[in-house]
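A structural walkthrough
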Amino acid sequence: MKVSAATRYARATLDLLLPRVCVACERQMDSHEDGLVCSLCWSRLALIPSPHCDRCGHPTEGHTCRFCATLPPFVRCARSACWVPHVVGSAIVHALKYHGWAGAARGMAARMARSHWPPDVLAERAAVIPVPLSSARERERGFNQARSLAESLAPAWRIPVWTDALVRTRSTGTQTRLTPGERSANVRDAFEVPDGSSLRCARMRMRGRHIVLVDDVLTTGATLNACAATLFAAGARTISYATFGRARASGDR
Ligand SMILES: [Zn+2]
Ligand SMILES: [Zn+2]
C-alpha cells in the first residue's frame, strides 16, 4: 500500500509525541516501520528451513518422519512460520498472548501466509477455524490469540474464518509442564462443535470439507489433534494446521 505524504507526516509527528516501541525488543521504532514489531526483529525470526517433510513441515533428516507418526490419519498437512522457543519468535508470541498486543497478529499472519503448501491443500482448503479458548480464559484475556491470527490469515487466503464452529467445553489449564502423553489426556474431549440451533449449521458447513485449524504455537500437537478429532467426528473430511511458531521435535535439523 502506498503511504501518502500527509500520512507519513502525521505518523512522524505522532512518533515524536508518543514514541512507539517494538513489542518484542522494546527498541524505539522508526516512523517508516509499520505495525507493532520492528523490522530488525522480523528479520531475526528463526524461520523453519527447507526442505521439510511435505506433510508435517518438520525439517526432519532421513526418510522416516517421527512427527508425522503423531498426527491422526485425517490430518493432511501442518505448516508454521518460525521456531519457538527463540528470542524473537517467543517474544512476539508473548506480546500477543500475555500483553494483549492483538495488533501483532497481522504481522504474524503475514509470515504464516508465506508458508508453502501442497497443491491439493491450496485447492481444497475451505475455511480456517481458530483453536478456541475456554470462555473463562477468553474473558480474562479479553481476546483469543488464535482467533486474531485466523482473522488476519483468512483474507490472505481468500477463504472464510469460522469462529463459531468449534468451542472448548472445559478449561484444560497450562500444558507447559506435562509430558506428551499427559497433554493428550488433558485435552481429550475438551472441544465440541456447538450444540443447539447452530449445530446443524456448523456441521453442514464442514461436512466433507478440508478445514485449516489455526493456533499460535504447535508443540506436541496434542491440542490441535484433539480439535481435529472433534472436527473429523463432526463430518470434516480433512484437517490441516497452520501456526506461527513451532517447537523442535526429535530428529529436527
Ligand atoms: Zn524489535
Ligand atoms: Zn513429517
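Residues numbered from 1 in each chain as written. Chains lettered and ligands numbered in written order. Predicted model: local features only at pLDDT ≥ 70, side-chain atom pairs only at ≥ 80, totals over all residues.

Before going further, it helps to examine the overall build of the protein. Each helix and strand in the protein was counted, giving 10 helices and 6 strands. Expected size for 253 residues packed as a compact globule is a radius of gyration near 18 Å; at 19 Å, the protein falls within 12% of this value. If you line up the protein on its principal axes, its C-alpha atoms span 55 × 50 × 40 Å. Out of the 253 residues belonging to the protein, those deemed buried represent 40%. Here the contacts in the protein between residues at least 6 apart in sequence split such that 72% fall between residues at least 24 apart. (Helix = DSSP H or I, 4+ residues; strand = E, 2+ residues; numbered from the N terminus. Rg over C-alpha atoms; globule rule 2.2 N^0.38 Å. Buried ≥ 20, exposed ≤ 12 C-beta atoms within 10 Å, placed from the backbone. Contact = placed C-beta atoms within 7 Å.)

Core analysis: the largest hydrophobic core is formed by 68 residues, its most contacted members being I92, L149, L213 and V214. Of the domains in this structure, domain 1 (1-44) and domain 2 (46-246) are the two that each give at least three residues to this core. In this structure L213 touches I129, V131, L224, C227, A228, I239 and Y241, once residues within four positions along its chain are discounted. (Core = buried A, V, L, I, M, F, W, Y, C linked by C-beta atoms within 7 Å. Domains from an automatic or database assignment.)

This brings us to the sheet that holds strand β2 (residues 125-130). Reading across the sheet, the 4 strands line up as β1-β6-β5-β2 and stay open at both edges, with parallel pairing between neighbours. Two strands close off the open sheet at either side, each with one partner strand: β1 (75-83) and β2. Between one strand axis and the next, the sheet turns through 20° on average, direction left out of account. The sheet strands contacting helix α3 (residues 87-98) are β1, β5 (210-218) and β6 (238-246), and the helix crosses β5 at an angle near 105°. (Pairing = 2+ DSSP bridges. Axes fitted to C-alpha atoms, helices over the stretch in contact; angles between N-to-C directions.)

To continue, consider the domain arrangement of the protein. On domain assignment, one finds that the protein holds domain 1 (1-44) and domain 2 (46-246). The C-alpha-based centres of domain 1 and domain 2 are spaced at 30 Å. Listed as interface residues are 9 residues of domain 1 and, on the opposing side, 10 residues of domain 2.

Positionally, A150 belongs in helix α7 (residues 145-157). Given 26 C-beta atoms within 10 Å, A150 falls into the buried group. With 24 residues separating them along the chain, A150 and A126 place their C-alpha atoms 13 Å apart. Excluding residues within four positions of it along the chain, A150 makes contact with V128, P130, V161 and V214.

As a further point, take the pairing of β6. Judged by how many residues are buried, β6 sits mostly within the fold: 9 of 9 residues are covered. Bridge count between β1 and β6: 7 bridges; the pairing is parallel. The partner of A78 across the bridge, within β6, is Y241. Two elements, β5 and β6, share 8 bridges in a ladder whose sense is parallel. Of the residues in β6, the one forming a bridge with L213 is Y241. In this region the chain leaves β5, passes through helix α10 (residues 222-233) and returns to the parallel neighbour β6; the handedness of that crossover is right-handed. (Right-handed = clockwise from strand over helix to strand, strands pointing away.)

This paragraph deals with the packing of helix α8 (residues 180-187) against α10. Here α8 crosses α10 at 35°, and the two axes come no closer than 9 Å. Read as a crossing pair, α8 and α10 show a hand that is right-handed. Contact with α8, carried on its side by P180, R183, S184 and V187, involves A222, T223 and A226 of α10 and no other residues of that element. Looking at the contact of α8 with α10, its residues break down into 4 nonpolar, 2 polar and 1 charged. (Left-handed = near helix turned anticlockwise from the far one by under 90°. Nonpolar A, V, L, I, M, F, W, Y, C, P; charged D, E, K, R; others polar.)

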